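Tertiary structure, described
One-letter residues, chain by chain:
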Number of protein chains: 2
Amino acid sequence: MTSSALLTDHYELTMLSAALRDGTASRNCVFEVFARRLPTGRRYGVVAGTGRLLSHLSDFRFNPAEVDFLLDRGIVDASTAEWLAAYRFTGDIDGYAEGELFFPGSPILTVSGTFAECVVLETLILSVLNHDSAIAAGAARMVTAARGRSVIEMGSRRTHEEAAVAAARAAYLAGFAYTSNMEAGRRYNIPTTGTAAHAFTLLHDTEQAAFASQVATLGKQTTLLVDTYDIAQGIRNAIAVAGPDLRAVRIDSGDLSVLAAHSRALLDSLGATETQIIVSGDLDEYAIAALAAEPVDAYGAGTAVVVGSGAPTAGLVYKLVEVDGRPVVKRSENKGTVGGRKTAVRRHKPTGTATEEVVVSMGAPAPEPNDRALQRAFVRGGALVPDLPDLATSREHLRQCLISIPWEGLKLSAGDPAVPVQMLGGSV
Amino acid sequence: MTSSALLTDHYELTMLSAALRDGTASRNCVFEVFARRLPTGRRYGVVAGTGRLLSHLSDFRFNPAEVDFLLDRGIVDASTAEWLAAYRFTGDIDGYAEGELFFPGSPILTVSGTFAECVVLETLILSVLNHDSAIAAGAARMVTAARGRSVIEMGSRRTHEEAAVAAARAAYLAGFAYTSNMEAGRRYNIPTTGTAAHAFTLLHDTEQAAFASQVATLGKQTTLLVDTYDIAQGIRNAIAVAGPDLRAVRIDSGDLSVLAAHSRALLDSLGATETQIIVSGDLDEYAIAALAAEPVDAYGAGTAVVVGSGAPTAGLVYKLVEVDGRPVVKRSENKGTVGGRKTAVRRHKPTGTATEEVVVSMGAPAPEPNDRALQRAFVRGGALVPDLPDLATSREHLRQCLISIPWEGLKLSAGDPAVPVQMLGGSV
């Protein structure tokens, strides 16, 4: 297993060295992950990546290869190297469930243990959560815009090759139906799908020959890409080759609203009334919403999904909030940060609609009917707690959360957070 | 070694199945990577990731684990599985050197071989080049804005944990001086550096205690973070603890222009005339440029670097341009695509300033004085050619390229590509 231990910033290791030397390394600390604000105009954030993060914990090991590198570079001294070689996280991790919504100040992850064991996890925790949460939030907006039609993630080629796998997972969490990414299919058991590229048509002597080959190999339950030459002729060729039972055609260019309507009419006139129309080509949530009235059956989304649709990182930070039971907070400017370990509940009307999130420092909110506690245990004494939710469970959790917020929260336009956060007590 | 073979889209494997069955899989093909346009307002693109891509080629292997997955899922048939198990790329790859500039239509990578062996590489090639080129282009603008002052990459926490390592590499290619990412230090031998987090100060009973601990462990050649409580007091504490030989202080919040000037005056008044000032906190190329007149010694850049400073993907596509010697092109709409394998040169004035890039399809440009051929061999018959440039060489190449473009090309404002591309011949 490759170690994830060097997916870490230099300063964590030098802070560790100094803290080991001065004795503060063993102080009991609480670090919290939260966002000071949502990306401009966004109405909610989506917690994503927790499952990936927890599985990374077990390969966060300073093996001889990692330790030797740090010693050779003079980044740590011998006693720090020894400590790292023995490193196992022995503390606790709590947090919002994967798929939960978050708002400014929501304490989405709480890491407690000694300073030393918590500080070295900062970069890995933030990398995973910032990336995956950004992708999931944008993807959730696309799913909302699609109004029940399927959305297919096909953006792997537009992002880093490993980020692509994580992006496919986050998009699936957000309600996408499929991914094109094979590794995501294998690693996370996400349904995969694909059509064909223009190259496949160009490879053949004629479009008909390409379609005939695809149908011969993959059957009529395939999707033929009809826009390499002329779309209307492409559709005629597709139905001529596959017959009216062809599952779907894909259109990847041009004015998709006009083309979808024309293509539907043409398919119907050819008797292919059940043949679906899949559209793709620079679709984001706005382009998807603009196609709501058109006869489109599924959307393929690429670039916009994997870059978080304009917000490629979630703005999450990892802050020390408590040392040996005392709340601490950076004071050089007012960033609205509150010290102390937080407890969070979301309040709801009897109908189930969320009304506010209450976050209390160094205590717990006074209980009210229809409160839902937002934090749960992930790690106890360094070990994963049993029965952590799987990806399908998290996906359903997000679906329910999006039903619970006020309807304004699902608007694509810029606006305030869908649920206000009340931060109580403990301000230092 | 983990296989990279499933960092691939579903459709590549189904196209492969069909092409193997109908006999077109063995047709000789040329695929080209290019961008139809630069991100809005950008004046140049930077080729980055080539080195990473070429090293991925050797682990692009369909081992039993990969083949079994594809068979189990019914994505490929038995004969395709057999072909994949034996897969080795045996073709040629040529392209622009890593660190070279590119413009709309520049043929930055040319992959030739059978359809089968080239088509399966599409996603991996585009993922690597789209990500790394996007990061390098944004980072290069920051380096220009910094006007010779050092820029430190510290954005790992804002992007996917593996993308972070590649981003650190791309930023170094673009002229950044250091990264905070330890794995990038190990994997690519990039100089690493770090300061301290606010957590380290908060951990201690007093700021002085934190500074004293850091200096005791790391010496005076360290950087003290002075903005946890009060910056002026932080600077006094830093010099009181470390003396006027302290290497640097870092300021991570507030109005950096005002604070830099005040901090410089205060340091000077304390006799710390050589102590440097490092600033960080949401710096992009514009914020860096705005600090040009302030007494700043180095910039720490985070989020903006790893998300490509507003352009998180480079828009590169992988298109089939030639089949068995015939140029091919998608025709359903005019995207300005020209079929056929391209040859590219950049033309220069006798002074060395680039004047245009000439790209010729199915031939070569008529030679002119001061032409520079832009393509070189990377792979021949499936094997890497010897003496491929290393990262340091590519970094210097980019530095020279940026000197060669007209000065307008280095402006941060939106504008046309710095060098026009003339596309000649072969339009089909």
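Named according to an unreviewed UniProt entry, chain A is Nicotinate phosphoribosyltransferase originating from Dactylosporangium cerinum. In its Catalytic activity (unreviewed entry) section, the UniProt record describing chain A reads: "5-phospho-alpha-D-ribose 1-diphosphate + nicotinate + ATP + H2O = nicotinate beta-D-ribonucleotide + ADP + phosphate + diphosphate". Comment text from UniProt for chain A, heading Pathway (unreviewed entry), reads "Cofactor biosynthesis; NAD(+) biosynthesis; nicotinate D-ribonucleotide from nicotinate: step 1/1."

Re the overall build of chain A
Within chain A one finds 15 helices and 19 strands. With the C-alpha coordinates aligned to their principal axes, the bounding extent of chain A is approximately 80 × 55 × 40 Å. Within chain A, buried positions represent 59% of all 428 residues. In chain A, 73% of the contacts between residues at least 6 apart in sequence involve partners at least 24 apart. Summing over all exposed atoms, chain A offers an accessible surface of approximately 14,900 Å²; the carbon and sulfur share of this is 51%. For chain A, the centre of its 39 positive side-chain charges and the centre of its 47 negative side-chain charges are spaced 4 Å apart.

Comments concerning the pattern of salt bridges
Counted according to the given criterion, the structure contains 48 salt bridges over all chains. The salt bridge partner of Glu161 of chain B is Arg52 of chain A, with a shortest N-O separation of 2.6 Å. Here Glu161 of chain B, found in helix α7 (residues 161–173), pairs with Arg52 of chain A, found in helix α2 (residues 50–57), and the two come from separate chains. Of the two residues examined, Glu161 of chain B and Arg52 of chain A, each falls in the buried class. For Lys342 of chain B, the salt bridge is made with Glu32 of chain B, and the minimal N-O distance between the two is 2.8 Å.

Section: the relation of the copies chain B and chain A
Superposing chain B onto chain A requires a rotation of 180° together with a translation of 0.0 Å along the rotation axis, leaving an RMSD of 0.0 Å. What we have between these two chains is a two-fold relation. Most of the interface of chain B is mirrored in chain A, where 100% of its interface residues are also at the interface.

Considerations on the domain arrangement of chain A
Interface extent is often summarised as the accessible area lost during association of the parts. Segmentation of chain A into domains returns domain 1 (10–128 + 311–424) and domain 2 (195–288). The C-alpha centroid of domain 2 of chain A is placed 46 Å from the C-alpha centroid of domain 1 of chain A.

Observations concerning the sheet that holds strand β7 (residues 178–179) of chain A
Taken in spatial order, the six strands line up as β7-β6-β11-β10-β9-β8 (chain A) in an open sheet, and their pairing is parallel. A single partner strand is all that each edge strand has here, and the edge strands are β7 and β8 (223–225) of chain A.

So, the interface of chain B and chain A
Taken together, the contacts link 96 residues of chain B with 96 residues of chain A. Carbon and sulfur atoms supply 58% of the area that chain B and chain A bury against each other, a total of about 7,700 Å² over both sides. The three residues of chain B that bury the most area against chain A are Arg157, Met182 and Leu203 of chain B, which together make up 11% of that side's buried surface. The closest approach of N and O atoms between Glu12 of chain A and Arg157 of chain B, which form a salt bridge, is 3.8 Å. Here chain B is connected to chain A by 54 residue pairs in polar contact (both at pLDDT 80 or more). For the side of chain B that touches chain A, the element with the most residues is helix α1 (residues 10–22) of chain B, which contributes 11 residues. Among the residues making up the side of chain B that touches chain A, the classes are represented as 40 nonpolar, 32 polar and 24 charged.

Examining empty space enclosed by the protein
All told, the structure shown has five cavities of 30 Å³ or more when counted by the stated rule. Taken as a whole, the largest cavity encloses approximately 150 Å³ of empty space. Along its surface, the largest cavity is lined by 16 residues, and Thr159 and Val306 of chain A together with Thr159, Val306 and Pro312 of chain B are the ones closest to its centre. Those elements that provide at least two residues to the lining of the largest cavity are α6 (122–146) of chain A together with α6 (122–146) of chain B.

A few points about the environment of Gly254 of chain B
If you trace the backbone, Gly254 of chain B turns up in the loop between β9 (248–251) and α12 (256–269). Among the residues examined, Gly254 of chain B registers a relative accessible area of 47% and is labelled partly exposed.

A few points about helix α4 (residues 78–85) of chain B
All names here are of chain B. Among the residues of α4, those classed as buried are Thr80, Ala81 and Leu84. The buried residues of α4 occupy an angular sector of 105° when projected down its axis, which confines them to one face. Pointing more than 90 degrees away from the buried face of α4 are the exposed residues Ala78 and Glu82. Contacts made by the buried residues of α4 are with α1 and α3 (64–72).

Focus on helix α12 (residues 256–269) of chain A
All names here are of chain A. Helix length check: α12 (14 residues) gives 19 Å between terminal C-alpha atoms against 20 Å at 1.5 Å per residue, within 8%. Listing the buried residues of α12 in full gives Leu256, Leu259, Ala260, Ser263, Arg264, Leu266 and Leu267. On its buried face, α12 is in contact with α11 (231–242), β9 (248–251) and β10 (276–280). Among the residues of α12, the N-terminal cap falls to Asp255, whose side-chain oxygen and the backbone nitrogen of Ser257 are separated by 3.2 Å. One or two positions beyond α12, positive phi appears at Gly271, with a value near 85°.

Remarks on the layout of surface pockets
Over the atoms rolls a probe the size of a water molecule, and in doing so it shows where empty space is left. In this structure, the second largest pocket encloses a volume near 1,200 Å³. Mapped by element, the contributors of at least two residues to the lining of the second largest pocket are α2, α7 (161–173) and α8 (182–188) of chain A together with α2 (50–57), α7 and α8 (182–188) of chain B. The residue makeup of the lining of the second largest pocket, split by class, is six nonpolar, 13 polar and 14 charged.

As for the UniProt feature "domain: Nicotinate phosphoribosyltransferase N-terminal" (unreviewed entry) in chain A
Mapped onto the present numbering, the UniProt feature "domain: Nicotinate phosphoribosyltransferase N-terminal" (unreviewed entry) falls at residues 6–130 of chain A. With 42% helix and 18% strand, residues 6–130 of chain A has its two end C-alpha atoms placed 18 Å apart.

Quick notes on the environment of Val46 of chain A
Residue and element names in this part refer to chain A. Note that Val46 resides in strand β2 (residues 45–46). Assessed through its relative accessible area of 0%, Val46 is described here as buried. Along the sequence, Val46 and Ala134 sit 88 residues apart, while their C-alpha atoms lie 7.6 Å from each other. Those residues in contact with Val46, other than ones at most four positions away along the chain, are Gly99, Glu100, Leu101, Phe102, Ser133, Ala136, Ala137, Ala140 and Leu398.

A look at unusual backbone geometry
Residue and element names in this part refer to chain B. Within the chain, Ser309 stands out as a residue other than glycine whose phi angle is a positive 45°. Summarising the element assignment, Ser309 is placed in the loop between α14 (303–306) and β12 (316–323). Residue classification places Ser309 among the buried positions, given a relative accessible area of 14%.

Here we look at the confidence of the model for chain A
Residue-level pLDDT values for chain A average 96, and 98% of them are 70 or greater. Here the complex is predicted with pTM 0.97, and the ipTM for its interfaces comes to 0.97.

Section: the pairing of strand β1 (residues 28–35) of chain A
Residue and element names in this part refer to chain A. Here β1 lies mainly inside the structure; seven of its eight residues are buried. Direction of pairing for β1 relative to strand β5 (residues 109–114): antiparallel, over a ladder of six bridges. Counterpart to Asn28 in the pairing with β5 is Thr114. Two elements, β1 and strand β12 (residues 316–323), share seven bridges in a ladder whose sense is antiparallel. By the bridge assignment for β12, Glu32 is matched with Lys319.

Details of the packing of aromatic side chains
Here the structure, examined in full by the defined rule, presents 12 aromatic pairs over all chains. With a centroid separation of 5.5 Å and 90° between ring planes, the pair formed by Phe60 of chain A and Phe62 of chain A is classed as edge-to-face. Of the two residues examined, Phe60 of chain A and Phe62 of chain A, each falls in the buried class. Its end group placed over the ring of Tyr172 of chain A, Arg395 of chain A keeps NZ or CZ at 4.0 Å from the ring centre. The lysine or arginine in question, Arg169 of chain B, covers the ring of Tyr188 of chain B, its NZ or CZ lying 5.3 Å from the ring centre.

Calculation rules
- Counting restarts for each chain, with residues numbered from 1 along the sequence as it is written.
- Key to labels: chains lettered from A, ligands numbered from 1, both in the order written.
- Given that the model is predicted, a residue must reach a pLDDT of at least 70 before its local features are reported, and side-chain atom pairs must reach 80 or more before they are shown or counted; all residues, however, enter totals for whole chains, interfaces and linings.
- Side-chain metrics rest on all non-hydrogen atoms present in the structure, leaving aside hydrogens and water.
- UniProt positions are given in the numbering used here, feature names are shortened, and annotations may be inferred rather than shown by experiment.
- Helical segments are the DSSP runs of H or I of at least four residues, strand segments are the runs of E of at least two, and each set is numbered from the N terminus.
- For the exposure calls, accessible area comes from a 1.4 Å probe over protein chains only, and a residue counts as buried if that area is under 20% of its type's maximum, exposed if over 50%, partly exposed in between.
- The criterion used for residue contact is that any of the two residues' heavy atoms lie within 4.5 Å.
- Using the Shrake-Rupley algorithm and a 1.4 Å probe, accessible areas are obtained, with residue cover drawn only from the displayed protein chains.
- The charge count treats Lys and Arg as positive and Asp and Glu as negative. His and the chain ends do not count.
- One atom stands in for each charge, and that atom is NZ of Lys, CZ of Arg, CG of Asp or CD of Glu.
- Salt bridges are counted wherever a side-chain nitrogen of Lys or Arg sits within 4 Å of a carboxyl oxygen of Asp or Glu.
- Overlaid copies result from least-squares superposition on C-alpha atoms, with residues included only where pLDDT is at least 70 in both.
- An automatic or database domain assignment supplies the start and end points of every domain.
- Here a strand pair is declared whenever DSSP counts at least two bridges between the two strands.
- Here the buried area means the combined drop in accessible surface, using a 1.4 Å probe, for two parts upon being joined, counting both sides.
- Pairing of N or O atoms within 3.5 Å defines a polar contact, subject to two protein rules: one partner must be a possible hydrogen donor and the other a possible acceptor, and residues neighboring in sequence count only if both atoms are side-chain atoms.
- For this classification, the nonpolar set comprises Ala, Val, Leu, Ile, Met, Phe, Trp, Tyr, Cys and Pro, the charged set comprises Asp, Glu, Lys and Arg, and every other residue, Gly included, is treated as polar.
- In the cavity and pocket records, a cavity denotes points on a 1 Å grid over the protein atoms alone where a 1.4 Å probe fits but cannot get out, a pocket denotes an open set with protein on both sides within 12 Å along at least 5 of 7 lines, and lining residues are residues with an atom within 4 Å of a point.
- Grid points are joined across faces, edges and corners, and a volume is the space filled by probe spheres set on the points.
- Arc definition: it is the arc formed by the directions from the helix axis to the C-beta atoms.
- How far a helix is expected to stretch is found by multiplying one less than its residue total by 1.5 Å.
- Confidence of the prediction at every residue is given by pLDDT, a number between 0 and 100.
- Put simply, two rings from Phe, Tyr or Trp (the six-membered ring, in Trp's case) pair if the centres are within 6.5 Å, and we call them stacked under 30 degrees between planes, edge-to-face over 60, tilted for the rest.
- By definition, being over a ring means that NZ of Lys or CZ of Arg is both within 6 Å of the ring centre and within 35 degrees of the ring normal.

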